[in-house]
Amino acid sequence: MRTVSTRASALILVAIAGLGLSACARGGAGAGRDLPYVARDVGTLYTAAKDRLDRHQYKVAAALFDEVERQHPYSVWARRAQLMGAFSYYLDADYTKAIAGAQRFLSVHPGNRDAPYAYYLIALSYYEQISDVTRDQKITMQAMDALGELSRRYPNTPYAADARLKLDLVRDHLAGKEMEIGRFYQQRGQWLAASMRFRSVVDQYQTTTHAPEALMRLTETYLALGVPAEAKKSAAVLGANYPGTDWYQRAYDLIQDKSPPPPKPIPVKYAPPAPPPTGTVTVEPGDDPVPAPRTPPAVTPSPTGPTTGGTTTGAGSPSGN
């Protein structure tokens, strides 16, 4: 009897486990985390992943490429699948996993011939996440570092050529962020803080499109700070490098005028006043009582002349006047 009950219990446990696996395969609570382990040869797995990639099913393709690496970690195709999985995550706009996959490939195969592409994939993943200049630019700095590393390590590859073009755009974007902050300080009359931002653009991003404006803004801030000699130097540099621009004309006019520009007014929005109360005013318990109206004192008729009434409307003045 014990043997029969033990076998029955084992069969029940196996059935429950099978139901759990089938539920996960149909999309239960664990669906989407990992593919169920089904032993397949490396060619079948890689072909299935490539087919899903061609059909633009990038998330499924990435999972199948990861499965190639999991089931056949020492095969030649596993190395290729590792990089293709990172590429699939990139196409799916899952940049965090794309960066992690490419970095894992570089840590395992640092001298592989596809290493330049892995660096390029990391740089692209950062580059695609760059936001506008009104937001934090941490991702932009990471993109600049990744693009610069690719250019230094593999300068003669086509990936490095594209990285250099994108690096110029990234630097221009960072200069735009500095100008945005500098103009913010300038509008509030914080001239020293503004000059530090504009000086940063001139020193670090002098090849960007924001350099002429930064020099003109420096001329403004130096005049406002009371150092006309530095303002003349900034205007001279602006005239030597960008002589035909409107920025130089504005700086030239400022130097000739020799008066600091006033800070730009900041619009202040006030809340509209509340309308006067209408109707009967009710005093709630605990509120201050409303004072009773005061009755004006009676006025004695003046002996110098008659009055038209016995009461007055003002303090001491007859009602008829």
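Up top you'll find the structure we're talking about.
Residues numbered from 1 in each chain as written. Predicted model: local features only at pLDDT ≥ 70, side-chain atom pairs only at ≥ 80, totals over all residues. Heavy atoms only, no water.

Once that is clear, we can look at the overall build of the protein. A count of helical and extended segments in the protein gives 12 helices and 0 strands. In sequence order, the protein lays out its α and β elements as α-α-α-α-α-α-α-α-α-α-α-α. In the protein, which comprises 321 residues, the share counted as buried stands at 31%. In the protein, the share of contacts with a sequence separation of at least 24, taken over all contacts with a separation of at least 6, comes to 54%. About 21000 Å² of surface is accessible on the protein, with carbon and sulfur atoms providing 58% of the total. (Helix = DSSP H or I, 4+ residues; strand = E, 2+ residues; numbered from the N terminus. Buried < 20%, exposed > 50% of the residue type's maximum accessible area, 1.4 Å probe, protein only. Contact = heavy atoms within 4.5 Å. Areas by Shrake-Rupley, 256 points an atom, 1.4 Å probe, with all protein chains shown as cover.)

Here we come to helix α7 (residues 138-153). Look at α7: 23 Å from first C-alpha to last across 16 residues, which is about the 22 Å you get at 1.5 Å a residue. For α7, the complete set of buried residues consists of Thr 140, Ala 143, Met 144, Ala 146, Leu 147, Gly 148, Leu 150 and Ser 151. On its buried side, α7 packs onto α6 (115-127) and α8 (158-187). (Expected span 1.5 Å × (residues − 1).)

The next point concerns the environment of Glu 180. The residue Glu 180 is located in helix α8 in this model. A residue is classified by how much of its surface remains accessible, and Glu 180, at 33% relative accessible area, is partly exposed. Measuring from C-alpha to C-alpha, the distance between Glu 180 and Thr 134 comes to 7.6 Å, with 46 residues separating the pair along the chain. Here Glu 180 is in contact with Val 133 and Thr 134, once residues within four sequence places are set aside.

A word on a nonpolar patch on the surface. The grouping of Leu 192, Met 196, Leu 225 and Val 227 at the surface amounts to a nonpolar patch, some 370 Å² of accessible area in total. Mapped onto the elements, Met 196 comes out in helix α9 (residues 191-204). Judged by relative accessible area, which is 56%, Met 196 ranks as exposed. (Patch = residues over 30% accessible without salt bridge, like charges linked within 9 Å, V, L, I, M, F, W, Y side chains within 5 Å. Salt bridge = Lys/Arg side-chain N within 4 Å of Asp/Glu carboxyl O.)

This next bit is on the packing of helix α5 (residues 95-108) against α6. Contact pair α5 / α6: the axes reach a minimum separation of 9 Å and the direction vectors enclose 155°. With respect to each other, α5 and α6 are oriented roughly antiparallel. In this structure, α5 meets α6 at a crossing whose hand is left-handed. Between α5 and α6, the contacting residues are Tyr 95, Ala 98, Ile 99, Ala 102, Gln 103, Phe 105 and Leu 106 on the first element and Ala 115, Ala 118, Tyr 119, Leu 121, Ile 122, Ser 125 and Tyr 126 on the second. In terms of residue class, the contact of α5 with α6 is built from 12 nonpolar, 2 polar and no charged. (Axes fitted to C-alpha atoms, helices over the stretch in contact; angles between N-to-C directions. Parallel < 35°, antiparallel > 145°, perpendicular 65-115°, else oblique. Left-handed = near helix turned anticlockwise from the far one by under 90°. Nonpolar A, V, L, I, M, F, W, Y, C, P; charged D, E, K, R; others polar.)

Right, let's get into the packing of α7 against α8. It is at 9 Å that the axes of α7 and α8 come closest, and there the two elements cross at 150°. As far as their axial angle goes, α8 and α7 are roughly antiparallel. For α7 against α8, the interelement crossing comes out left-handed. Residue-level inspection shows Thr 140, Met 141, Met 144, Leu 147, Gly 148, Leu 150 and Ser 151 of α7 in contact with α8, the latter providing Tyr 159, Ala 160, Ala 163, Arg 164, Lys 166, Leu 167, Val 170, Arg 171, His 173 and Leu 174. In the contact of α7 with α8, the residues fall into 10 nonpolar, 4 polar and 3 charged.

Right, let's get into the packing of aromatic side chains. Scanning the model with the defined rule gives 10 aromatic pairs in all. Centre to centre, the rings of Tyr 46 and Trp 77 are 4.6 Å apart; their planes meet at 50°, and the pair counts as tilted. Highlighted residues: Tyr 46 in helix α2 (residues 42-54) and Trp 77 in helix α4 (residues 76-91), separated in sequence by 31 residues. Here Trp 77 falls in the partly exposed class, since its relative accessible area comes to 43%. Connected via pairs of aromatic rings, a cluster forms that spans Phe 87, Tyr 117, Tyr 120 and Tyr 159. (Phe/Tyr/Trp six-rings, centres within 6.5 Å; stacked < 30°, edge-to-face > 60°.)

Counting 49 residues, the largest nonpolar core has Leu 106 and Ile 122 as the members making the most contacts within it. Here this core gets 9 residues from one element, more than from any other, and that element is α6. Here Leu 106 is in contact with Ala 115, Ala 118, Tyr 119 and Ile 122, once residues within four sequence places are set aside. Counting 12 residues, the second-largest nonpolar core is a separate cluster that includes Val 42, Leu 45, Phe 65 and Val 68. (Core = buried A, V, L, I, M, F, W, Y, C linked by side-chain atoms within 4.5 Å.)

Right, let's talk about the pattern of salt bridges for a bit. With the rule as written, the count across this model stands at 16 salt bridges. The partner of Arg 80 in a salt bridge is Asp 114, with the nearest N and O atoms 3.6 Å apart. Taken together, the residues Arg 80 in helix α4 and Asp 114 in the loop between α5 and α6 connect sequence positions 34 residues apart. The class of Arg 80 is partly exposed, set by a relative accessible area of 38%. Between Arg 217 and Glu 220 there is a salt bridge, with the nearest N and O atoms lying 3.3 Å from each other. On the criterion of helical spacing, the pair formed by Arg 217 and Glu 220 is a turn pair, its members being 3 residues apart in helix α10 (residues 211-225). Take Arg 217 and Glu 220: they sit in the same class, and that class is buried. Among the charged side chains, a salt-bridge network with shared partners connects Glu 180, Arg 183, Glu 213, Arg 217, Glu 220 and Arg 250.

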